[in-house]
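# Survey of secondary and tertiary structure
What follows is the residue order along each chain.
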Amino acid sequence: MNPEEEKKPTDFIREAVAEDLKSGRFSYVRTRLPPEPNGYLHIGHVKAFMIDYLIAKENNGELILRFDDTNPTKEETEFVDAIMEDARWLGIEWAKVTYASDYFDELYEWAKKLVLMGKAYVDDQSPEEVSANRGTFTEPGRNSPHRDRDVEENLDLLERMKNGEFPDGSRVLRAKIDMAHPNLNMRDPVMYRIIHEPPHHRTGSKWKIYPMYDWAHGQNDSMEGITHSLCSLEYRDHRPLYEWFPEQLGVFKPRQIEFARLNLNYTLMSKRKLRRLVEENHVSGWDDPRMPTLRAMRRRGYTPEAIVEFVQRMGISTVATSNAGVIADAAFLEACVRDDLNKHSLRRMAVIRPLKVIIDNYPDDLVEEMDAINNPEDPSAGARKVPFSKVLYIEQDDFRETPPPKYYRLHPGNEVRLRYGYFIKCTDVVKDADGNIIEVHATYDPATKGGDSPDGRKVKSTIHWVSAAHAQEAEIRMYDRLFTKEDPEEGEEGFLACLNPNSLEILTGYVEPHLASPEIGSRFQFERLGYFCADKDSTSEKPVFNLTVNLKDTWAKLEKKAK
RNA sequence: UGGGGCAUGGUGCAAUGGCAGCACACCAGCCUUUGGAGCUGUGGAUCUUGGUUCGAAUCCAGGUGCCCCAGCCA
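In this text, all values refer to a predicted model and were calculated from it rather than measured experimentally.

With that settled, the discussion passes to the sheet that holds strand 22 (residues 466-467). Taken together, seven strands build an open sheet; the order of strands is 21-18-19-20-14-17-22 and the sheet is mixed. Only two strands of the sheet have a single partner each, and these edge strands are strand 21 (462-463) and strand 22. Bridge count for strand 18 (residues 415-418) against strand 21 is two bridges, and the pairing is parallel. Its bridge partner lying in strand 21, R417 is registered against T462.

The following block contains the structure:
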């Protein structure tokens, strides 16, 4: 109908892919997702995942999920399953799952081919010698004394390395390029190193040598017919090497394109540091709702749609102003989450810091069923009945004995609306011996049932409530950012020093009867408070809700500003 | 210091030689049976110096600042 309406997202990578198709460099598009199975996926991974997935999809191509399992000392099967689970949750689909280790045999043949061509050699130098002879930024490296070993000897040594005849660290296979190259990656990079233990999670003890990233990754791309190998900025310097190998081998040459990684402020992505948070019990586990991992966000109540929308709206660039790549404002992610949840979540009433209200002129034993709308943003969500009676709980925040300026909520002499209930007016305040307010008394206007006054009288505030006799007690977990600093990563130990002591507050509140036994993982908006998600710790006696994200609170902002 | 990158409001991204725009945040207002949501509006940016051009965020040259690289990690 309106062809020029459809504005497709475009960026330098999509443009490059389109060009390659147009120029005939490639006749199809195939991307790959290369996670290393050594940790859980976090928000930073989502960007790369979506770029690889969507660019393939948009071009009627396919995505291969290939686990980069070239280092048995770091990788575990447990993470393979976790990564697939998280990726599926995001909505990512792949044509097939492969492993770098699937190609170990073929890769080894390719290595021998390079040896035969005189383009690779076995080096007997120790790791220290290799390092010392690599040179520095300003000085060229020195050739290894073994660099010009003849082909037969190289082949023999390589075979014996493979067979486990030599100890770890005693020899490596190196590409023979240029020890004086200004790009250090080209100074005879290591292709294989010897690793006897532990056994590999898929190939067991078959291999005693394992390929390095630079050798395995690019050749695997080539073997799989990957057209576009999209990776982060720090691989820019590896591109000459990425292109050198297939050039020598005369095999299919994929194109590598780099982009800036994604990070969030007030959190960190370092696997090592996240592990310390878990191991030192600063959080309850990898799925603690304060963690930046996808399983934590899922438990917290973030939707995959919101997370995907967030990375899409962030865009793609090559901006390189921080070692973490692009640092997104956590508030932006939260805005995306609110956007999604506002449209789709059911409204419920819950009181998280209860204050008892007694409506003195309401009949003692009367219970009325009030009509409440489930989602004003979505009429198809329908309505429900909520019980109303003489004794209610309201939010402590919704009452002040002596109200500050512009405070519209309940205070002595003031009338407010109980949402879907009645207008009530505060008549009295009851305190305990220490002066703490323990209950509030009020009168209601029977003519205002449902929340409208027939005389056209207005109130400035509407507050939520739960009938005490019908309330379900619930545990409410209120989360705040884990760190008090925007960049907790700076410094080695600094991140522990800036942990937010108030990142978790556990409250006992009351929720309306419809929330008594929620399905685990279901999401709701608690009216006027925020979005909450039913946690797996819920029991039949006591549901548990996690704060996903609060609602924007204009009054809190006003009050804060007044101070 | 050699090599590779990057510089646009507070943040993230656009503008592909032709009026610097969008989102989040911020501020003001409207509306409201959520002080929610929604709507309207304000303020605020091209790292710097020079050059080319009728015209430069964009092209050229110099400068400055920041990021990455000296793993047998990925």
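Note that side chains of opposite charge can pair when their charged atoms are close. Tallied over the full model, the rule gives 51 salt bridges. A salt bridge links D535 to R299; its shortest N-O distance comes to 2.7 Å. In this pair, D535 is assigned in the loop between strand 26 (530-534) and strand 27 (544-550) and R299 in helix 10 (residues 294-300), connecting sequence segments 236 residues apart. With respect to burial, D535 and R299 carry one shared label: buried. Notably, a salt bridge pairs D364 with K390, separated by 3.2 Å at the nearest N-O pair. Taken together, the positions of D364 in the loop between strand 14 (354-359) and strand 15 (368-373) and K390 in the loop between strand 16 (383-388) and strand 17 (391-395) put the pair 26 residues apart, joining distant regions of the chain. Using a relative accessible area of 15% as the deciding quantity, one classes K390 as buried. Overlapping salt bridges, with partners in common, bring together D287, R299, E475, R477, D535, K536 and D537 in one network.

What follows concerns the packing of helix 1 (residues 12-23) against helix 2 (residues 43-58). At a minimum axis separation of 11 Å, helix 1 and helix 2 run at an interaxial angle of 35 degrees. As helix 1 runs across helix 2, the sense of the crossing is right-handed. In contact with I13, R14 and V17 of helix 1, helix 2 contributes I51, L54, I55 and E58. Residue classes in the contact of helix 1 with helix 2 are distributed as five nonpolar, no polar and two charged.

Glancing now at the protein's contact with RNA strand B. Around RNA strand B sit 69 residues in total, of which T138, R236, S317, R347 and G450 are the nearest. The backbone of K406 places a nitrogen or oxygen atom 2.9 Å from a base nitrogen of RNA strand B. Measuring from a sugar or linking oxygen of RNA strand B, one finds a side-chain N or O atom of R419 at 3.1 Å. Mapped onto the surface near RNA strand B, the elements with two or more residues apiece are helix 5 (127-132), strand 6 (190-194), helix 11 (304-314), strand 11 (326-328), helix 12 (330-344) and helix 14 (554-562). It is helix 14 that contributes the most residues to the surface near RNA strand B, five residues altogether. Of the residues assigned to the surface near RNA strand B, the class counts are 26 nonpolar, 21 polar and 22 charged.

Our focus in this paragraph is the domain arrangement of chain A. What the domain assignment reports for chain A is domain 1 (3-259), domain 2 (264-346 + 474-562) and domain 3 (350-464). If you average the C-alpha positions of domain 1 and of domain 2, the two centres end up 35 Å apart. At the interface, 24 residues of domain 1 touch 25 residues of domain 2. Of all residues in domain 1, Y40, I43 and W89 bury the most surface against domain 2, accounting for 34% of the area lost on that side. The tally of links between domain 1 and domain 2 comes to four salt bridges. Note that E85 and R295 form a salt bridge whose closest N and O atoms lie 3.5 Å from each other. The interface formed by domain 1 and domain 2 includes six residue pairs in polar contact (both at pLDDT 80 or more). Those elements that place two or more of their residues in the side of domain 1 that touches domain 2 are helix 1, helix 2, helix 3 (77-90) and strand 9 (255-259). If you tally residues by element for the side of domain 1 that touches domain 2, the top one is helix 2, at seven residues. Here the side of domain 1 that touches domain 2 is built from residues that sort into 14 nonpolar, four polar and six charged.

The rules we used
Counting restarts for each chain, with residues numbered from 1 along the sequence as it is written. Chain letters start at A and ligand numbers start at 1, both assigned in the order the entries are written. With pLDDT at 70 or above as the cut-off, local features in this predicted model cover only qualifying residues; side-chain atom pairs require 80 or more to be listed or tallied, and sums for whole chains, interfaces and linings still use all residues. Working from all heavy atoms in the structure, the side-chain values ignore hydrogens and water. Any two strands are treated as partners once DSSP identifies two or more bridges connecting them. To qualify as a helix, a DSSP run of H or I must reach at least 4 residues; to qualify as a strand, a run of E must reach at least 2; elements of each kind are numbered from the N terminus. Salt bridges are counted wherever a side-chain nitrogen of Lys or Arg sits within 4 Å of a carboxyl oxygen of Asp or Glu. To sort residues, take the accessible area from a 1.4 Å probe on protein chains only and compare it with the maximum for the residue type: under 20% means buried, over 50% means exposed, and anything in between is partly exposed. Axis lines are fitted through C-alpha atoms, for helices just across the contact stretch, and the angle between N-to-C directions can take any value from 0 to 180 degrees. Take the far helix as your reference; a near helix turned counterclockwise from it by less than a right angle gives a left-handed crossing, and one turned clockwise gives a right-handed crossing. In this analysis, two residues are considered to be in contact whenever any of their non-hydrogen atoms come within 4.5 Å of each other. Each residue gets one label: Ala, Val, Leu, Ile, Met, Phe, Trp, Tyr, Cys and Pro are nonpolar, Asp, Glu, Lys and Arg are charged, and the others, such as Gly, are polar. The nearness test applies per residue and asks whether one of its heavy atoms lies within 4 Å of the molecule or strand. Any pair of nitrogen or oxygen atoms within 3.5 Å is treated as a polar contact; in protein, a donor-acceptor pairing is required on top of that, and neighbouring residues in sequence qualify only through side-chain atoms on both sides. Segment limits for the domains were obtained from an automatic or database-derived domain assignment. What gets called buried area is simply the loss in accessible area from a 1.4 Å probe that two parts show on being joined, summed for both.

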